[in-house]
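# Examination of the molecular architecture
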Amino acid sequence: MTDASLTTSRRTFLDLLHAQRVWDIELPAFDPATAPPAPLPLFHSWFAEAVAAGQAEPHAMTLATVDPHGLPDVRTLLLHDADARGWHFATHATSAKGRQLAGLPYAALGFYWPAQGRQVRVRGPVTACSPDESRADLHVRSTGALASALVGRQSEVLGSCGELDRASDAAWQRAQEEPDAEVTSWTRYVVEPQEVEFFQGDAKRRHVRLRYRRDAGSGDWERELLWP
């Protein structure tokens, strides 16, 4: 590829990038003075409103962890629950994120719902659930999800697409024949929130940011506004 084509390619990319617009919709209002004293009810409300607004995959979230070298890592996965304990997700304990959480059991989550110009950020320690709860989490899911879990080897180097096809076909057959098959590495985790931030976008960039922080002594939630 010539220098000229590289320049053209970069120009095309920048033209596309700069042509994008954010929130070409009417954004909802958010008065932080009306927010509940704890973050979970507000999260439940915002999630329901995201669903009602037609947000695609509102249960998708980013999960940030730290590797053994202290470097950040991030990926997208699905929320499994949000209750009084915290925000739940599941993965293989043997995966990259599972190993990272074993080394440093602390994580950050991020939800982005552009249909309403909203974000939610969660930070806190991570706890692995019991084997019984992890097993129940696996078997409440679809056949495809069980088959994927049975394939295992998440984050390992793959020799070829054909190797994956063969392993996946065998896992699908087993998942259909043994819907109660166990995957011992499958683990449900809970992020126990120490901080939860709710971000409401504003067309004039007067974004509303409300952060909840848990008092380490009392366990009560403190609320504070942040500059955009």
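Sequence order sets the numbering: in each chain, residues are counted from 1 along the sequence as written. A pLDDT threshold of at least 70 governs which residues receive local features in this predicted model, and a stricter bar of 80 or more applies before side-chain atom pairs are shown or counted, although totals over entire chains, interfaces and linings include all residues. With hydrogens and water excluded, all non-hydrogen atoms of the structure serve as input to the side-chain values.

### A short note on the pattern of salt bridges
Definition used for salt bridges: Asp or Glu carboxyl oxygen within 4 Å of a side-chain nitrogen of Lys or Arg. If you walk through the whole model with that rule in mind, you get 16 salt bridges. Across the salt bridge formed by R121 and E197, the nearest N and O atoms sit 2.7 Å from each other. Residue R121 is found in strand β6 (residues 118–128), and its partner E197 is found in strand β8 (residues 195–200); the two are separated by 76 residues along the sequence. Exposure categories follow from relative accessible area, calculated using a 1.4 Å probe and restricted to protein chains: below 20% of the type maximum is buried, above 50% is exposed, and the middle band is partly exposed. What makes R121 partly exposed here is its relative accessible area of 40%. The salt bridge involving R209 is made with E197; its shortest N-O contact spans 2.6 Å. Here R209 is found in strand β9 (residues 208–214), whereas its partner E197 is found in strand β8, with 12 residues between them in sequence. Connected via shared salt-bridge partners are D81, D137 and R188. Helix and strand definitions follow DSSP, with helices as H or I runs of at least four residues and strands as E runs of at least two, each counted in order from the N terminus.

### Points about the packing of aromatic side chains
Only the six-membered ring of Trp is used, alongside the rings of Phe and Tyr, when aromatic pairs are assigned; centres must lie within 6.5 Å, and planes under 30 degrees apart are stacked while those over 60 apart are edge-to-face, with the rest tilted. Following the criterion strictly, the structure yields 12 aromatic pairs and no others. A centroid spacing of 6.3 Å and a plane angle of 45 degrees characterise the contact between W23 and F199, whose relative ring orientation is tilted. Of the two residues, W23 is situated in the loop between α1 (3–19) and α2 (39–52) and F199 in strand β8; the sequence distance between them amounts to 176 residues. W23 gets classed as buried once you look at its relative accessible area, which sits at 16%. With centroids separated by 5.8 Å and ring planes inclined at 75 degrees, the aromatic side chains of F198 and Y212 adopt a geometry described as edge-to-face. With a gap of 14 residues between them, F198 in strand β8 and Y212 in strand β9 connect regions that are remote in the sequence. For the pair F198 and Y212, one class covers both residues: buried. One aromatic cluster is present, built from ring pairs that chain together F30, W46, F198, Y212 and W221.

### Structural notes on unusual backbone geometry
Positive phi outside glycine occurs at W23, with the angle close to 55 degrees. Positive phi outside glycine occurs at R153, with the angle close to 60 degrees. Mapped onto the elements of the fold, R153 is located in the loop between α5 (143–151) and α6 (161–177).

### Digging into the side chain of S134
Within the element layout of this structure, S134 appears in helix α4 (residues 131–139). A relative accessible area of 3% means that S134 is categorised as buried. A contact between two residues is defined here by any heavy atoms of the two lying within 4.5 Å. The contact partners of S134, leaving out residues within four places of it in the chain, are C129, W186, T187 and R188.

### Considering the nonpolar core
The nonpolar core is taken to be a set of buried Ala, Val, Leu, Ile, Met, Phe, Trp, Tyr and Cys residues, with the residues joined through side-chain atoms within 4.5 Å. The biggest cluster of nonpolar side chains holds 29 residues, and the ones touching the most others in it are F43, W87, F111 and V120. Sorting the residues of this core by element identifies α2, β1 (60–66), β4 (87–92), β5 (106–113), β6, β7 (186–191), β8 and β9 as the ones contributing at least two each. With 5 residues, α2 is the single largest residue contributor to this core.

### Some words on the side chain of H88
In this structure, H88 sits in strand β4. For H88, a relative accessible area of 0% gives the class buried.

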